[in-house]
Amino acid sequence: MPRTALVTGGSGGIGAAICRRLAADGCLVYVGYFSSQAKAEALATEIGGKAVKLDVTSPADIEKAAELCGAVDILVNNAGVSEIGLFDSLPADRCRRITEVNLVGAMSCARTFVKPMIARKSGCIVNISSMWGQVGASCEVDYSASKAGLIGFTKALAKEVAPSGIRVNCVSPGFIMTEMNSHFSADDLELIREDIPLGIFGEPRHVADAVAFLISPQAEYITGQILAVNGGMVI
């Protein structure tokens, strides 16, 4: 039987790369999506998986997803949103949305999907944080705080569920070339590249490779860890 995996935010750049990699490794992948139904369904058809409507801030959506997916072996909390702006200028509702999706949403999904993992004494959870969750970013304070919270959540949950044979880890991407960064000019991109010791931009496949490793047998003695995928930008 193939392992089953649910990837939240699975239709986006990084999420889609994770879905493709896990499917290539033999998993049955549930592609979680918030609004991009057509993209999610096309991806699911491509990889032999299934698209699942999942707003991670909606308890009803999470319960419906749990009914559809059943007891998954792997949960990848990838869904996320960001806002760029001065801390005292962002509207309160948009600030709350960042925390509700990036942190509370991941915790809510884990709370539901970890229960059958505990019952059968096995499973893997991988949370997708950010290098800004490690060091903080000016003009992305709420985003940084939510991603830092995700790191703390990873470490605490890893300790709690380890006796049940469940591993919980975190991937912390740096600057990854996705549609989210398409607004940067060529000059801006060059300035960013100069800050990356390896001198290259990350690609979604780099994050997917890290996730694939953390859920593999090769990582069976690894839990509660933060795997940075940033080209040396944050060490």
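Structural data are supplied above this passage.
Just so it is clear, the model here is predicted, and its values are computed rather than measured.

Conventions used here
- Per chain, the residues get numbers from 1 upward, laid out in the order the sequence is written.
- Given that this is a predicted model, residues contribute local features only at a pLDDT of at least 70 and side-chain atom pairs are listed and counted only at 80 or more, while totals for whole chains, interfaces and linings are drawn from all residues.
- Only hydrogens and water are set aside when side-chain values are computed; all heavy atoms of the structure are taken into account.
- Runs of E in the DSSP output that reach at least two residues are strands. Runs of H or I that reach at least four are helices, and both are numbered from the N terminus.
- With a 1.4 Å probe rolled over the protein chains alone, any residue whose accessible area is under 20% of its type maximum counts as buried; one over 50% counts as exposed, and the rest are partly exposed.
- At least two bridges found by DSSP between two strands is the condition for calling them paired.
- If the strands point away from the viewer and the path from the first strand over the helix to the second runs clockwise, then the crossover is right-handed.
- Put simply, buried Ala, Val, Leu, Ile, Met, Phe, Trp, Tyr and Cys residues joined by side-chain atoms within 4.5 Å make one nonpolar core.
- Should any heavy atoms of two residues lie within 4.5 Å, those residues are counted as being in contact.
- Only protein atoms enter the 1 Å grid, on which a cavity is a set of points fitting a 1.4 Å probe that cannot get out and a pocket is an open set with protein on both sides within 12 Å along at least 5 of 7 lines, lining residues being those with an atom within 4 Å of a point.
- Grid points are joined across faces, edges and corners, and a volume is the space filled by probe spheres set on the points.
- Residue polarity follows a fixed list, in which Ala, Val, Leu, Ile, Met, Phe, Trp, Tyr, Cys and Pro are nonpolar, Asp, Glu, Lys and Arg are charged, and the others, Gly among them, are polar.
- Any Lys or Arg side-chain nitrogen located within 4 Å of an Asp or Glu carboxyl oxygen qualifies as a salt bridge.

Caption draft 1: Quick look at unusual backbone geometry. Phi angles above zero are rare outside glycine, and Lys121 is one such case at about 65 degrees. Tracing the backbone through its elements, the reader meets Lys121 in the loop between helix 4 (92–120) and strand 5 (123–128). By relative accessible area, which is 52% here, Lys121 ends up exposed.

Caption draft 2: Molecular detail of the pairing of strand 1 (residues 4–7). Here strand 1 shows no split at all, with Thr4 and Leu6 on one side and Ala5 and Val7 on the other all buried. As paired elements, strand 1 and strand 2 (residues 28–33) share 4 bridges and run parallel to each other. Counted as the bridge partner of Leu6 is Tyr30 from strand 2. Regarding the hand of the β-α-β motif, the stretch spanning strand 1, helix 1 (residues 13–24) and strand 2 is right-handed.

Caption draft 3: View of the nonpolar core. With 31 residues, the main nonpolar core has Ile18, Leu22, Val29 and Val171 as its most contacted residues. At the level of elements, strand 1, helix 1, strand 2, helix 2 (37–47), strand 4 (74–77), strand 5 and helix 8 (204–214) are the ones that each hand at least two residues to this core. With 7 residues, helix 1 is the largest single contributor of residues to this core. Contact partners of Leu22, with chain neighbours within four places excluded, come to Ala5, Val7, Cys27, Val29, Val76, Val211, Ala212 and Ile215. Within the second largest apolar cluster, 28 residues are counted, among which are Ala79, Leu103, Cys109 and Val161.

Caption draft 4: Seen up close, helix 8. Buried residues of helix 8: Pro204, Val207, Ala208, Ala210, Val211, Ala212 and Leu214, and no others. Next to the buried residues of helix 8 lie helix 1, strand 4, strand 5, strand 6 (166–173) and strand 7 (226–229).

Caption draft 5: The arrangement of empty space enclosed by the protein in detail. Scanning the entire structure with this criterion turns up 1 cavity of 30 Å³ or more. Taken as a whole, the largest cavity encloses approximately 40 Å³ of empty space. The wall of the largest cavity is formed by Glu83, Gly85, Phe87, Leu90, Ile98, Cys139, Glu140, Val141, Asp142 and Tyr143. When residues in the lining of the largest cavity are grouped by element, the largest group, 3 residues, is from helix 6 (residues 141–161). Within the lining of the largest cavity, the residues separate by chemical class into 6 nonpolar, 1 polar and 3 charged.

Caption draft 6: Up close: the pattern of salt bridges. The final tally for this structure, using the stated rule, is 8 salt bridges. Arg20 is paired through a salt bridge with Glu46; the nearest N and O atoms lie 2.7 Å apart. Of this pair, Arg20 sits in helix 1 while Glu46 sits in helix 2, and the two are 26 residues apart along the sequence. On the basis of relative accessible area, Arg20 is assigned to the partly exposed category, the value being 39%. Glu83 serves as the salt-bridge partner of Arg94, at 2.9 Å between the closest nitrogen and oxygen. Pair noted here: Arg94 is in helix 4 and Glu83 is in the loop between strand 4 and helix 4, with a separation of 11 residues, a long-range link.

Interpretation note: all reported values are geometric properties and have no functional meaning in isolation.
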